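Residue-level listing of the chains:
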Amino acid sequence: MSKVFELWNEVGGAFGPSGREEAVREAIAAIAGAYIDDITTDALGNLICRKKGSSKKVLFAAHMDSIGVVATYIDEKGFIRFSQVGGLFKGDLINITVRFANGTRGVISYEEKTPFKDLTLDNLFIDIGAKDRAQAETMVQVGDFAVFDAPRFEQNGVLCGPYLDNRIGCVTLLLAMEQLAEAQTDNDLYFVFTAQEEVGLRGAGAAAFAVEPDVAIAVDVTDTGDLPERKTPMAVDMGKGPAVKVMDRSVICTPAVCAALEQAAKDCGIAIQREILQFGGTDTSALQKTRTGVQAGAVSIPTRYIHSPSEMCAVGDVEDAAKLLAHFAAAYSA
């Protein structure tokens, strides 16, 4: 298996829905410590890793939280109703397994009397195999969070499993940090693993406010346009290189930063794609809007089936994204 998979398996296996990122933060800090000068955690739970320098402040951000569900009610038969933590699509949830922080597992199912086309999240429930409410409450409490519980694997140079979004962005930063550990650069580098992106880009803005970077780059996944009969055309394919974001629904990236990223890719001999994401957004928006504004851009990992338990991306795209970020970090001088 690739080093990318090994890192993803370690970081991706940690429990970390939005607002509950402690285990992910600990896993990342244990790896990052070998490559940087200091590590801090702020009040929102962002992990800030710094490689000290005296020149430009360059901030890279990858969110470490994931989508999930939260228990809202337990009925008399022990079935658990839930609400979403981040964006969920009902078609990805039927008869899948979820895991609570204490290890309790359950299956999401639905009220069968409701026509499938009319289902909403209100018609779904989690079955933990409890005989009644009393037994269920010994296993799960209202307010407990749960995440997708599915295998992760690598096959044909492709990763598949839950929470590539955005643990694979975290892996990308870790790989870039490793490449920069012995590199010569005067830039002051900040690698920020942000909290609560999936519920409103909450961590990134606070971190950027504190750091006051000269330039900020978000690293996240992006959708692809390479599936059969895709409804929304998109010029991004899995396996054809990382994508440099031009814009999405929440941000228009700084043209000079996009150009600098493309030049860095050219200098490294890395193929890149241009990304215009018509739906959704990333930490880039929060980074760009901090204080009086920050020059901002994004590097994205092309990923299929985002926000499902079976996301998919190419190992080579991750490796190339890390090389691109490392080169940009060392060379940036604008």
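Each remark here, short or long, concerns the structure printed above.
Residues numbered from 1 in each chain as written. Predicted model: local features only at pLDDT ≥ 70, side-chain atom pairs only at ≥ 80, totals over all residues. Heavy atoms only, no water.

> Residues and numbers for the nonpolar core, please.
Among the nonpolar cores identified, the biggest contains 58 residues, and Ile168, Phe191 and Phe193 are the most heavily contacted of them. Ranked by residues supplied to this core, first place goes to helix H4 (residues 164-180) with 10 residues. Setting aside residues no more than four positions away along its own chain, Phe191 makes contact with Ile36, Leu47, Ile48, Cys49, Phe60, Leu173, Met177 and Leu180. In this structure, Val85, Leu93, Ala136 and Val147 belong to the second largest nonpolar core, which totals 28 residues. (Core = buried A, V, L, I, M, F, W, Y, C linked by side-chain atoms within 4.5 Å. Buried < 20%, exposed > 50% of the residue type's maximum accessible area, 1.4 Å probe, protein only. Helix = DSSP H or I, 4+ residues; strand = E, 2+ residues; numbered from the N terminus. Contact = heavy atoms within 4.5 Å.)

> How would you summarise the pairing of strand E4 (residues 68-74) if you had to cite specific residues and measurements?
For E4, a buried count of 5 out of 7 residues is recorded, marking the element as mostly surrounded by other parts of the structure. Where E4 lies against strand E5 (residues 80-85), 6 bridges are found, and the strand directions are antiparallel. Pairing of Val69 across the sheet is with Gln84, part of E5. The turn joining E4 and E5, which pair antiparallel and follow one another in sequence, is formed by 5 residues; a positive phi near 90° is taken by Gly78. (Pairing = 2+ DSSP bridges.)

> Outline the side chain of Glu21, listing residues and values.
Tracing the sequence through the fold places Glu21 in the loop between helix H1 (3-12) and helix H2 (22-32). The side chain of Glu21 is buried and forms no salt bridge, while Arg25, the nearest opposite charge, is found at 4.8 Å. Of the polar contacts made by the side chain of Glu21, one reaches the backbone nitrogen of Gly19; its length is 2.8 Å. Not counting chain neighbours up to four residues away, the residues in contact with Glu21 comprise Gly16, Met64, Asp65, Ala195 and Gln196. (Lys, Arg positive; Asp, Glu negative; His and termini not counted. Salt bridge = Lys/Arg side-chain N within 4 Å of Asp/Glu carboxyl O. Polar contact = N/O pair within 3.5 Å; in protein donor to acceptor, adjacent residues only side chain to side chain.)

> How would you explain the packing of H2 against H4 if you had to name every residue and give the values?
When two helices pack together, their arrangement is given by the angle between the helix axes and by the axis-to-axis distance. Orientation of H2 relative to H4, taken along the N-to-C sense of each, is 15°, at an axis distance of 10 Å. When the axes of H2 and H4 are compared, the pair comes out roughly parallel. Here H2 runs over H4; the crossing is right-handed. Between H2 and H4, the residues in contact are Val24, Ile28, Ile31 and Ala32 and Arg167, Cys170, Leu174 and Met177, respectively. Its residues assigned to classes, the contact of H2 with H4 shows 7 nonpolar, no polar and 1 charged. (Axes fitted to C-alpha atoms, helices over the stretch in contact; angles between N-to-C directions. Parallel < 35°, antiparallel > 145°, perpendicular 65-115°, else oblique. Left-handed = near helix turned anticlockwise from the far one by under 90°. Nonpolar A, V, L, I, M, F, W, Y, C, P; charged D, E, K, R; others polar.)

> So what's going on with the packing of aromatic side chains? Residues and values would help.
Throughout the structure, instances matching the rule amount to 7 aromatic pairs. Relative to Phe116, the ring of Tyr110 lies with its centre 5.8 Å away and its plane at 85°, an arrangement referred to as edge-to-face. Here Tyr110 falls in the partly exposed class, since its relative accessible area comes to 21%. Assessed through its relative accessible area of 43%, Phe116 is described here as partly exposed. Taking 5.4 Å as the distance between ring centres and 5° as the angle between the ring planes, the aromatic pair formed by Phe148 and Tyr163 counts as stacked. With Phe148 in strand E9 (residues 145-148) and Tyr163 in the loop between strand E11 (158-161) and H4, this pair connects stretches of sequence that are 15 residues apart. (Phe/Tyr/Trp six-rings, centres within 6.5 Å; stacked < 30°, edge-to-face > 60°.)

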